[in-house]
Amino acid sequence: MSEHLTTGWEPDVPAEDSLLRAYVLATADRSEAIARAADGSVRADERSSMADAGSPVVFDNVVTLLQPMTAEEARAVVGEALVFFPPDRPFVVLSAWPLPGAGDLGIELMGHPPFMFRAVAPPPAGWDAGLDLREVTDEAGLETFFRTIVEAYPMPEGETALTVPAILDTDVRLWVGYEGDRPVGTAGTYLSHGLNDVEWVSVHEADRGKGYGAALTWAATLADPGSPAVLIASDPGQPVYERMGYLRLTRMSMWFRPPPDG
């Protein structure tokens, strides 16, 4: 019998085998933790993680592919997701590998955003840009966080996983940035598999260009200052992250099923 040569994506391979593997598993963990906090549903096997937070916000409901697949195998997982999620539930499919030819299955290509990494290192002087950065620790703070990200990102209003108090009992950490008494932006981190997984960065349009986006990202990046940080970058955010020392490593594939109203 020939020796098995690992691909690095078998289910028993440790998360630390590669940075990308740690991120993929951290993403699955985060999505599942949020879904459970919201009394949603989770289904996971060696190929994929499906987490339905019961939210109208597409990014709250996530399918994460956990290993490379053929186009036929990936299409089969998408087909399973269409059965797993209720017919009116929007969701995202995140893959570290191209997911070709899935448009006919009822999902649409969102894009191929950069996966970025920052090694452990201290921030520069003045990194907070004079912003009052307050970590969310209670329901009032959570309400402010959600109201701010709805206005600043923007994202749809309504009940989502980020309004559920049980989210504060997970490894999610959230911040709101204040200019005086006025909330101007948000950021968050999920701590998993030795990574600060940075998410939910937003700044009010009128307050952009003041360094606030970077300040909020620094708060999330340094949640655990002894661990490196990773994120998926938007086009407007990418230059900000590069100036902070984040490096583009690869591009992810993101597909989504839109809400019924498009």
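Cut-offs applied
Residues numbered from 1 in each chain as written. Predicted model: local features only at pLDDT ≥ 70, side-chain atom pairs only at ≥ 80, totals over all residues. Heavy atoms only, no water. Helix = DSSP H or I, 4+ residues; strand = E, 2+ residues; numbered from the N terminus. Buried < 20%, exposed > 50% of the residue type's maximum accessible area, 1.4 Å probe, protein only. Pairing = 2+ DSSP bridges. Axes fitted to C-alpha atoms, helices over the stretch in contact; angles between N-to-C directions. Contact = heavy atoms within 4.5 Å. Salt bridge = Lys/Arg side-chain N within 4 Å of Asp/Glu carboxyl O. Right-handed = clockwise from strand over helix to strand, strands pointing away. Core = buried A, V, L, I, M, F, W, Y, C linked by side-chain atoms within 4.5 Å.

Visitor: Which residues make up the environment of Asp181, and what values go with them?
Guide: Turning to its location among the elements, Asp181 is positioned in the loop between strand 8 (172-179) and strand 9 (182-192). Sequence separation between Asp181 and Val240 is 59 residues; the distance between their C-alpha atoms is 25 Å.

Visitor: Could you give an account of the pairing of strand 6 (residues 114-118), naming the residues involved and the relevant values?
Guide: Extensive coverage of strand 6 is indicated by the burial of 5 of its 5 residues. Where burial is concerned, the two faces of strand 6 agree: the one with Pro114, Met116 and Arg118 and the one with Phe115 and Phe117 are both buried. Relative to strand 12 (residues 247-251), strand 6 runs antiparallel, the two sharing 4 bridges. The partner of Pro114 across the bridge, within strand 12, is Arg251. Inspection of the sheet shows strand 6 paired to strand 11 (residues 229-232) by 4 bridges, in the antiparallel sense. When the bridges of strand 11 are listed, Arg118 appears paired with Ala229.

Visitor: Help me get a handle on unusual backbone geometry, residues and values and all.
Guide: The phi dihedral of Ala129 is positive, around 55 degrees, even though this residue is not glycine. Looking at Ala129, the relative accessible area reads 33%, which means it is partly exposed. A positive phi angle is found at His193, which is not glycine, with a value near 50 degrees. Note that His193 resides in the loop between strand 9 and strand 10 (195-203).

Visitor: Talk me through the sheet that holds strand 13 (residues 253-257); I want residue IDs and the actual numbers.
Guide: Pairing is mixed in the open sheet, where 6 strands are placed in the order 1-2-3-4-13-5. On the outer flanks of this sheet lie strand 1 (41-44) and strand 5 (108-111), each paired with one strand and no other. Pairs of neighbouring strands in the sheet enclose a mean axial angle of 20 degrees, with direction left out of account. Where strand 4 (residues 91-95) and strand 13 come together, 5 bridges link them in antiparallel fashion. In the strand pairing of strand 13, Leu94 is matched with Met254. The sheet contacts of helix 1 (residues 19-37) involve strand 1, strand 2 (48-52), strand 3 (62-65) and strand 4, and relative to strand 2 the element is tilted by about 30 degrees. Most of the contacts of helix 2 (residues 71-84) go to strand 2, to which it runs at about 20 degrees, and overall it touches strand 1, strand 2, strand 3, strand 4 and strand 13.

Visitor: Lay out the pattern of salt bridges in plain terms, naming residues and giving numbers.
Guide: For the structure on display, the rule yields 14 salt bridges. For Glu32, the salt bridge goes to Arg36, with nearest N and O atoms at 3.6 Å. Pair noted here: Glu32 and Arg36 are both in helix 1, with a separation of 4 residues, about one helical turn. According to the relative accessible area criterion, Glu32 is buried, its value standing at 12%. Residues Arg89 and Asp52 are paired through a salt bridge, measuring 2.7 Å at the closest nitrogen-oxygen approach. One end of the pair, Arg89, is in the loop between helix 2 and strand 4; the other, Asp52, is in strand 2, with 37 residues separating them in the sequence. Per residue, the accessibility class of Arg89 equals that of Asp52, and both read buried. In this structure, a network of salt bridges that share partners links the residues Glu179, Arg182, Asp207 and Lys210.

Visitor: Can you lay out the pairing of strand 4 for me, pointing to particular residues and giving the numbers?
Guide: Most of strand 4 is tucked away, with 5 of its 5 residues classed as buried. For the crossover from strand 3 across helix 2 to strand 4, the handedness is right-handed.

Visitor: Now, about the nonpolar core: what can you tell me, with residues and values included?
Guide: Membership of the largest hydrophobic core comes to 35 residues, with the highest contact counts inside it found for Tyr23, Val63, Phe91, Val93, Leu99 and Ile107. By residue number, the principal contributor to this core is helix 1, which donates 5 residues. Non-local contacts of Leu99, meaning those with residues more than four positions away in its chain, are made with Ala74, Val78, Val93, Ser253 and Trp255. Counting 23 residues, the second largest nonpolar core, distinct from the first, contains Trp175, Val203, Trp218 and Leu231.

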